[in-house]
Amino acid sequence: MASEPVNVSEFEALAKKALPKMYFDFYAGGAEDEYTLKDNEEAYQRITIRPRVLVDVSRIDTSTSILGYPISSPIMVAPSALHQLANPEGELATARASAASNTIMILSFSSSYNVEEVAASCDAVRFFQLYVYRGRHIAANLVERAERSGYKAIVLTVDCPRLGRREADIRNRMIVPKLKNVEGFVSNDVDAGGGSNLEAYANSTFDPTLSWKDVAWLKSITSLPILLKGILTHEDALKAVEVGAAGVIVSNHGARQLDYSPATITVVEEVVRAVKGKIPVIVDGGVRRGTDVFKALALGAQAVLVSINLPGF
């Protein structure tokens, strides 16, 4: 590339050149045919904007707030795994960049640095993403550590009873590094049977029994607000309000779980109408330009999430 990159797609092209194939495919890939991965972006492109003219735009204020915490714009940092595969400073650098941008970072459960290290890296508002393993004591430990370290909310991922079939990871025989947040609790030394070590590890640890009743359990062990990440339907949005979620994130897991699930922007209105303003609605997946952020807001979302290292885990 002859000049400096000027948009997200050009940064992605540079990343493809710079990273080992296994790591780039892990960051950028989706499940199975990757239909939803493509549609997450293309669905935004199918939405057009009807501009109004002769409006005074000399003063523009993009600031907003989420759960009462002010941010400079309705763009937050999504939870995505293993930033150190792309940069030695990993999530420490991401946390500092998020703080400098005055926005909220959601730290991934599967981060290269643990909750305490990221919390100590800079002073900022951040949330913590939670997966629930078969051993519930692991989730309880992480929630307690996040709360003690000053995280302001828990983001419970609800669309991952087992890992989606990510064929690029299978072909590359993706090996998951040690996850610092769960050191001393579980080992990632699992038999992948010649396929993805990541998939084998996840499917041996994720709790497939996780259900709506467990939101009450999670609320019983923390005073932090709980957002549910992975909501795609009117029905589940209603349930989220019913169980006392503090917010919902419209997400198909970066198209890495169930292929042929809907592009997230196509269901934002459905979810917004279901919650009726009772809780904030945030959306991730496919956001590549400022016009995409505008479209999400116009359809009723309070903010979008973007991944620093592409779709994320």
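Residues numbered from 1 in each chain as written. Predicted model: local features only at pLDDT ≥ 70, side-chain atom pairs only at ≥ 80, totals over all residues. Heavy atoms only, no water.

**Brief notes about the side chain of Thr264**
In this structure, Thr264 sits in the loop between strand S8 (247-250) and helix H11 (268-275). Judged by relative accessible area, which is 0%, Thr264 ranks as buried. (Helix = DSSP H or I, 4+ residues; strand = E, 2+ residues; numbered from the N terminus. Buried < 20%, exposed > 50% of the residue type's maximum accessible area, 1.4 Å probe, protein only.)

**Digging into the UniProt feature "active site" (unreviewed entry) in the chain**
The UniProt record annotates "active site" (unreviewed entry) at His253. Relative to the helices and strands, His253 resides in the loop between S8 and H11. One polar contact links His253 to Tyr131, side chain to side chain, over a distance of 3.2 Å. (UniProt positions renumbered as here; feature names shortened; annotations may be inferred. Polar contact = N/O pair within 3.5 Å; in protein donor to acceptor, adjacent residues only side chain to side chain.)

**Quick word on the nonpolar core**
One finds Phe128, Leu130, Tyr133, Ile154 and Leu228 to be the most contacted residues of the largest nonpolar core, which totals 72 residues. No other element matches the five residues that helix H6 (residues 136-148) contributes to this core. The contact partners of Tyr133, leaving out residues within four places of it in the chain, are Phe109, Ile138, Leu179, Val182, Val186, Tyr201, Thr205, Phe206 and Asp207. Listed in part, the 14 residues of the second largest apolar core include Phe127, Ala153, Leu227 and Leu305. (Core = buried A, V, L, I, M, F, W, Y, C linked by side-chain atoms within 4.5 Å. Contact = heavy atoms within 4.5 Å.)

**Remarks on the packing of helix H10 (residues 234-242) against H11**
Where H10 contacts H11, the axes come no closer than 8 Å and their chain directions differ by 35 degrees. In the crossing of H10 with H11, the sense of the turn from one axis to the other is right-handed. Seen from H10, the contacting residues are His234, Glu235, Ala237, Leu238 and Val241; seen from H11, they are Glu270, Val271, Ala274 and Val275. Looking at side-chain class alone, the contact of H10 with H11 contains six nonpolar, one polar and two charged residues. (Axes fitted to C-alpha atoms, helices over the stretch in contact; angles between N-to-C directions. Left-handed = near helix turned anticlockwise from the far one by under 90°. Nonpolar A, V, L, I, M, F, W, Y, C, P; charged D, E, K, R; others polar.)

**Some words on the environment of Ala246**
Take Ala246: it is sitting in the loop between H10 and S8. For the pair Ala246 and Pro225, spaced 21 residues apart in sequence, the C-alpha separation works out to 5.6 Å. The contact partners of Ala246, leaving out residues within four places of it in the chain, are Leu67, Pro225, Ile226, Ile279 and Pro280.

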